[in-house]
Amino acid sequence: MHDTPLGLYIHVPFCTVKCSYCDFNSFAGIDDMQTEWEAAALTELSLWTPRLQGREISTVFIGGGTPSLLTGESIERILDTIRSNFSLSADAEITLEANPESVQPDRLQMYRAAGVNRISMGVQSLDSEELFFLDRIHSADRAESAFTEIRSARFDNVNLDLIYGLPGQSLATWQSTLERVLKWSGDGPDHISCYALTVEEGTPLAARVAAGRVVEANPDHVAEIADWTAERLVQAGFEQYETSNYARNGLSCRHNLIYWRNQEYAAIGPGAHGFIDGVRFHVVRSPKAYIDRLRGAHSTSNEVEGLPSPAIAGAERVGDLENVIDTLTSGLRLMEGIDETSLPAAYQLVRPVLDWAVDNALAQRQEGRILLTRRGHAVANEVFVRLLETVNP
Ligand code: SF4
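Residues numbered from 1 in each chain as written. Predicted model: local features only at pLDDT ≥ 70, side-chain atom pairs only at ≥ 80, totals over all residues. Heavy atoms only, no water.

### Considerations on the site of the ligand
Within the structure, the ligand sits among C15, V17, K18, C19, Y21, C22, F24, S26, G65, T66, N99 and R136. Considering only residue class, the shell around the ligand consists of six nonpolar, four polar and two charged. (Near = heavy atom within 4 Å. Nonpolar A, V, L, I, M, F, W, Y, C, P; charged D, E, K, R; others polar.)

Rendered as C-alpha cells:
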C-alpha cells in the first residue's frame, strides 16, 4: 500500500464572511485566533512525524476556509515545518486555496517563494446578482485582477472554482461567466472545477429553500448546463478527468486524485478528515477546541486506533466491503474509472450493482476497467445509492 502517493491536507478555518450555501468547517470573525491556530497546526504536524517516517508526501493541500487570509510568513513556517519533519517529494504539488478579496500581490510572492506551486481560487460566478445571492464579497473585476496578480507571481498551475445551477440562472448567464474566465490573462486558467449548487442541510440557503423563499433550479436545466460546459471546455482544450473537473496540459489536481483513487492522506487542522493505514479519522471541528487540545501537547497516542494527535475526535478502521464501496463511489467519478482486477474479494458482493449499471448503459467495461458512461455520470448518484444499499439495506 505504501508505494501509492501520500497526501497531506491542512485545514484553515478562517473566512471573512460565511457564505449562505457553505457547510465547510469555516468561521467568520475569528481572525484573532490565527496565531494560536498556526501554533497548534505546527504542533500537530510535529506529532505526525514518527507516524509518517519512511513515507514520501507527494501533495500538500492547504484548504479552507480561506487560506489566502494567512500571511506569507505563516505559510512559510508551515511549509518549512513540513519539509523539516517529513520527506516531501521534489516535485510535490502544493496547493493553496484563495478567495479574490484576500489575494494580495506581496503575499502571493511569499507563498510562491515558500514553495506553493498551485493556487485554487473560489470565483464561483462573475454575475453580480449571483455573487450577491451566494454572499460572495468579491466583484467580477476583483476576481479578474486577482487572477492577473496570481499569474504575475509566477503561478503556472491555477484552478478556478465555479458554481452553476443557481436558482433562476439562465444558460446565457452561465455561458457569460465561463467565456469570460477562459479569456483571463489571454488564455485563462489551467484547471476549472464546475460544481452544481447543492443545498446542504443546516445552511441559511437550506432554510430559505424550506421557507419557500428560494426555488431550486430544475434538474433538467442543470443537466443542460453541465452538458454544454463539458462540450465547451473540451473544445477549449481541457480534458474532463472527473465529473466536475477539467484540466489542461495534464494539470489534473494530484491531491484530489488521491481522494478519488481512495489512496491515503494525513490531515491536520480543525474539522479535517484523513485516511491512513486503513483508518478514517476526523479532527475536532471547533477551532477553539482544536487549539486547546494541542496547547502544550507532545508525543502522545490517541486512544482511537493509535493516531498521533490529541486533536483527533474520531477514527474508524474501514472494513473490506466498505473500502471497496469507497473505492467505487469515488473512483467512478473519474473518467479513467477503476481497475476491476485490482479490487479485493469483497468486490464480488457488490459486483451485481455494476453488472446492472452495464446492462443499463450507465457503465461499461474496457480492458479490465469499469467506467461510467456519459449517461452514467449524469445519474451517478443512482448507482452510488444502490452500492451503499448493499451495505445498509
Ligand atoms: S469563502 Fe468558501 S469556505 Fe468560506 S464561507 Fe464562503 S464558501 Fe465557505
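Picking up where we left off.
### Side note on the sheet that holds strand 15 (residues 338-339)
Backbone hydrogen bonds hold the strands of a sheet together, and the pairing may be parallel or antiparallel. In spatial order, the strands read 15-17-16; together these three strands make up an open sheet with antiparallel pairing. Because the sheet does not close on itself, it has two edges, and the strands there are strand 15 and strand 16 (363-366). Direction of pairing for strand 16 relative to strand 17 (residues 369-372): antiparallel, over a ladder of four bridges. From the neighbouring strand, Q364 faces strand 17, where its bridge partner is L371. (Pairing = 2+ DSSP bridges. Helix = DSSP H or I, 4+ residues; strand = E, 2+ residues; numbered from the N terminus.)

### Some details on the domain arrangement of the chain
Under the domain assignment, the chain is made up of domain 1 (6-259) and domain 2 (320-391). Across the domain 1/domain 2 interface, buried area totals approximately 700 Å², and carbon plus sulfur atoms make up 45% of it. Three residues, Q240, E242 and T243, lead the burial of domain 1 against domain 2; their summed loss comes to 53% of the area buried on that side. Our count for the domain 1 to domain 2 interface comes out at one salt bridge. In this structure, R333 engages E242 in a salt bridge whose closest nitrogen and oxygen atoms are separated by 2.5 Å. Broken down by secondary-structure element, the contributors of at least two residues to the side of domain 1 that touches domain 2 are helix 8 (219-235), strand 9 (239-242) and helix 9 (254-260). Broken down by element, the side of domain 1 that touches domain 2 gets its largest block of residues, three residues, from strand 9. Across the side of domain 1 that touches domain 2, the residue classes tally to five nonpolar, three polar and two charged. (Domains from an automatic or database assignment. Buried area = accessible area lost by both parts, 1.4 Å probe. Salt bridge = Lys/Arg side-chain N within 4 Å of Asp/Glu carboxyl O.)

### Notes on unusual backbone geometry
Look at the link from G64 to G65: it is a cis peptide, with omega at 15 degrees. One can find G65 in the loop between strand 4 (56-64) and helix 2 (72-85). A positive phi is found at S185, a non-glycine position, where the angle reads about 50 degrees. Tracing the sequence through the fold places S185 in the loop between helix 6 (171-183) and strand 8 (191-196).

### Topic: the side chain of S26
Position of S26 relative to the elements: it lies in the loop between strand 2 (14-15) and strand 3 (27-28). Looking at S26, the relative accessible area reads 5%, which means it is buried. At 2.8 Å, the side chain of S26 and the side chain of K18 are in polar contact. Excluding its chain neighbours within four sequence positions, the residues that come into contact with S26 are P13, C15, K18 and G65. (Buried < 20%, exposed > 50% of the residue type's maximum accessible area, 1.4 Å probe, protein only. Polar contact = N/O pair within 3.5 Å; in protein donor to acceptor, adjacent residues only side chain to side chain. Contact = heavy atoms within 4.5 Å.)

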